[in-house]
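Okay, here's what each chain looks like letter by letter:
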Amino acid sequence: MTETGAERQLLIVEDDDAFARTLGRSFERRGYAVALASNLADVEALLATSSPGYAVVDLKLNGEASGLACVQMLHRHNAEMLIVVLTGFASIATAVEAIKLGACHYLAKPSNTDDIEAAFGRATGTTEVELTNRSTSIKTLEWERIHETLAETGFNISETARRLGMHRRTLARKLGKQQVK
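Please read these numbers as outputs of a predicted model, since none were measured by experiment.

## Some words on the confidence of the model for the protein chain
Working step 1: Per-residue pLDDT for the protein chain has a mean of 81; in total, 81% of the residues score no lower than 70.
Working step 2: Model confidence for the protein chain, summarised as mean pLDDT per element, is weakest for helix 6 (residues 138–152) at 75 and strongest for strand 1 (residues 9–13) at 95.
Working step 3: Across residues 1–6 the pLDDT falls below 50, and counting only partners more than four positions away or on other chains, this stretch makes nine contacts in the model.

In structure tokens:
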């Protein structure tokens, strides 16, 4: 695949603004023209004026929106687009659906720019993937649950702490240790 302008356009669909900006800046440093969207309406508006060759889509968007619906919309717009789905809530069922709907790869968070760019290059799949028994750490699972609940409550610390059954100051301390960029 040659590196023409259209192929180096990247769309990031992520409702976590800080994460989207950080990921976008990282891809810009690698020569991509980055557009950000936080919901399906933003994606639709962007597709009216541009046709990116790459997309990174968060599986769980705020509200009722699903990243799977976004993958389907992007694939309908351009069947050649390389779409990587990111999720903090990985399951086999959603991975299979994402691939069926047009994603070229599915990555569990936390994933970095290197992981995503490598996934764009592995669009065809291989039988040489190493099978691992690596399980997710308790700290990662805890952080994912905290982040999910934060998003559900509109980033309300007190309500998140109540839903998680922890003291507000304990949650604030955990959030201070795990900086959201």
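The structure having been displayed, the exposition proceeds.
## Details of the side chain of Thr113
Working step 1: In this fold, Thr113 is placed in helix 5 (residues 113–121).
Working step 2: Each residue touching Thr113, except ones within four places of it in the same chain, is listed here: Leu23, Ser26, Phe27 and Arg30.

## A closer look at the sheet that holds strand 3 (residues 54–58)
Working step 1: Taken in spatial order, the five strands of this open sheet run 2-1-3-4-5, and their pairing is parallel. Sheet topology places strand 2 (33–37) and strand 5 (105–108) at the edges, where each strand pairs with a single neighbour. For this sheet, the mean angle separating the axes of adjacent strands, direction not counted, is 20°.
Working step 2: Bridge count between strand 1 and strand 3: four bridges; the pairing is parallel. Residue pairing in the sheet places Leu11 in a bridge with Ala55 of strand 3.
Working step 3: Those strands touched by helix 1 (residues 17–29) are strand 1, strand 2, strand 3 and strand 4 (82–87), and its axis lies near 170° from that of strand 2.

## Some remarks on the environment of Ala108
Working step 1: Here Ala108 shows up in strand 5.
Working step 2: The sequence separation of Ala108 and Leu59 amounts to 49 residues, and the corresponding C-alpha distance is 9.9 Å.

## Thoughts on the packing of aromatic side chains
Working step 1: For the structure shown, the criterion picks out four aromatic pairs.
Working step 2: Measuring from centroid to centroid gives 6.4 Å for Phe27 and Phe120, while their planes differ by 55°, and the two rings are tilted. Within this pair, whereas Phe27 is found in helix 1, its partner Phe120 is found in helix 5, the two being separated by 93 residues in sequence.
Working step 3: Both rings, one in Tyr32 and one in Tyr54, keep their centres 5.4 Å apart while their planes meet at 80°; by these two values the pair is edge-to-face. One end of the pair, Tyr32, is in the loop between helix 1 and strand 2; the other, Tyr54, is in strand 3, and 22 residues separate them in sequence.
Working step 4: Take Tyr54: its relative accessible area is 4%, and that puts it in the buried class.
Working step 5: Through pairs of rings, three or more aromatic residues link up here, namely Phe27, Tyr32, Tyr54 and Phe120.
Working step 6: Seen from the ring of Tyr32, Arg8 lies directly overhead, with NZ or CZ sitting 3.9 Å from the centre.

## Brief notes about the pattern of salt bridges
Side chains bearing opposite charge may pair, as long as their charged atoms lie close to each other.
Working step 1: Applying the stated criterion across every chain, the model contains five salt bridges.
Working step 2: Between Arg30 and Glu117 there is a salt bridge whose closest N-O contact spans 2.7 Å. Of the two residues, Arg30 is situated in the loop between helix 1 and strand 2 and Glu117 in helix 5; the sequence distance between them amounts to 87 residues.
Working step 3: Judged by its relative accessible area of 25%, Glu117 is partly exposed.
Working step 4: Of the charged contacts, one joins Glu159 and Arg162 as a salt bridge, the two residues approaching to 2.5 Å between their closest N and O atoms. With Glu159 and Arg162 both in helix 7 (residues 157–164), this residue pair falls three residues apart, about one helical turn.
Working step 5: The exposure class of Arg162 is exposed, given its relative accessible area of 56%.
Working step 6: Counted as one network, the salt bridges with shared partners bring together Arg30, Asp114 and Glu117.

## Description of the packing of helix 2 (residues 40–49) against helix 3 (residues 67–77)
Working step 1: Orientation of helix 2 relative to helix 3, taken along the N-to-C sense of each, is 10°, at an axis distance of 10 Å. The angle between helix 2 and helix 3 places the two elements in the roughly parallel class. Contacts between helix 2 and helix 3 pair Leu40, Val43, Glu44 and Leu47 from the former with Ala69, Cys70, Met73, Leu74 and His77 from the latter.

Cut-off values and rules
Residues numbered from 1 in each chain as written. Predicted model: local features only at pLDDT ≥ 70, side-chain atom pairs only at ≥ 80, totals over all residues. Heavy atoms only, no water. pLDDT = per-residue confidence, 0-100. Helix = DSSP H or I, 4+ residues; strand = E, 2+ residues; numbered from the N terminus. Contact = heavy atoms within 4.5 Å. Pairing = 2+ DSSP bridges. Axes fitted to C-alpha atoms, helices over the stretch in contact; angles between N-to-C directions. Phe/Tyr/Trp six-rings, centres within 6.5 Å; stacked < 30°, edge-to-face > 60°. Buried < 20%, exposed > 50% of the residue type's maximum accessible area, 1.4 Å probe, protein only. Lys NZ or Arg CZ within 6 Å of the ring centre and 35° of its normal. Salt bridge = Lys/Arg side-chain N within 4 Å of Asp/Glu carboxyl O. Parallel < 35°, antiparallel > 145°, perpendicular 65-115°, else oblique.

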